[in-house]
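Summary of structural features
Listed below, chain by chain, are the residues.
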Amino acid sequence: MRLFMFSFLSILFVSQALADNLITINQVSSGNSNSITVNIEGSGNETNFSFGGANNTVNIEQNGKDGWVGYTTAWGSAVSNGGDLDGDSNSLTVKQLCNQSSCGGDRFEFHIQGDSNNVAFYQGYGVTTAGVTNSDNIEYGGHFMQLDIHGSNNILIGSQRSNTSGHEHSMTTGIYGNDNDIYMRQENNQSKTMNLTVNNSYNDIDMVQIGNAGHSATVTIGGLYATTFNMLQQGDTAQTYSLTQDCQTIGGCSVSVTQGN
């Protein structure tokens, strides 16, 4: 096991590689009291991102091989634009697991801009709104994710897991408003792609896809007022769902959908 802990006060650059694991972290602007912990067990894992601001806390754990945490390949590194994690008092926790000899490669990409966002995401682990339950006994990695938060005071917790040889899940997310509370979970095989874009604030959103079928969801939420949105797609028969929500109702809107059994 290799444990790297960097507590930044004003360190400008850290780059360290041991065996075939690679950790590259750039501090691109001034800022104090940032804390970054990277814990890697395995091989072929990479952590590569830049950050700015102050009082940010990042905890990354990769167990297995071929994992990635860092800037998103959708647009590349933001090192020249203030950092991939740009803002103050953000908290980011990422745990990724593969416990088999052949791994599909966990991949959690991110770009966070704004302050006081709290993000926790787990691949190869089960998670509910009450917290992390347990890790998979049979986990081949993979799953992917891509996160992009521009607002502040958002909370997101999510997970993707298989507990078998399959690992085709995904998620894209978004979130460009403030004070949103979002929970997302995908479990079991196989493809279960979720997409979410939130353009306004104070929404309360739960999206869960479980079961062995390849579900899918595309959701866009906006408007002058917040929406409470709950979606559950489940079972062994594929379900599809798409929502474009523009809430103009004083006091907010509410949408709930359950599909499959």
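The following refers to the structure shown. (Residues numbered from 1 in each chain as written. Predicted model: local features only at pLDDT ≥ 70, side-chain atom pairs only at ≥ 80, totals over all residues. Heavy atoms only, no water.)

**Overview of a nonpolar patch on the surface**
Among the surface-exposed residues, Leu224, Tyr225 and Ile250 lie close enough to one another that they form a single nonpolar patch of about 350 Å² accessible area. Structurally, tyrosine 225 is set in the loop between strand S19 (216–223) and strand S20 (227–233). Its relative accessible area of 30% is what places tyrosine 225 among the partly exposed residues. (Patch = residues over 30% accessible without salt bridge, like charges linked within 9 Å, V, L, I, M, F, W, Y side chains within 5 Å. Areas by Shrake-Rupley, 256 points an atom, 1.4 Å probe, with all protein chains shown as cover. Salt bridge = Lys/Arg side-chain N within 4 Å of Asp/Glu carboxyl O. Helix = DSSP H or I, 4+ residues; strand = E, 2+ residues; numbered from the N terminus. Buried < 20%, exposed > 50% of the residue type's maximum accessible area, 1.4 Å probe, protein only.)

**Some remarks on the pattern of salt bridges**
Per the stated rule, a full pass over the model turns up three salt bridges. For glutamate 109, the salt bridge is made with arginine 107, and the minimal N-O distance between the two is 3.0 Å. Residue class for glutamate 109 comes out buried when judged on its relative accessible area of 1%. Taking relative accessible area as the criterion, arginine 107 reaches 25% and is therefore assigned partly exposed. Put simply, arginine 185 and glutamate 187 hold a salt bridge, and the shortest N to O gap is 2.8 Å.

**Thoughts on unusual backbone geometry**
Phi at asparagine 55 is positive, roughly 60°, even though this residue is not glycine. Within the element layout of this structure, asparagine 55 appears in the loop between strand S5 (46–52) and strand S6 (57–65). At threonine 173, a residue that is not glycine, the phi angle is positive and equals roughly 80°. Inspection of the secondary structure puts threonine 173 in the loop between strand S15 (155–161) and strand S16 (181–187). With relative accessibility at 2%, the residue threonine 173 sits in the buried group.

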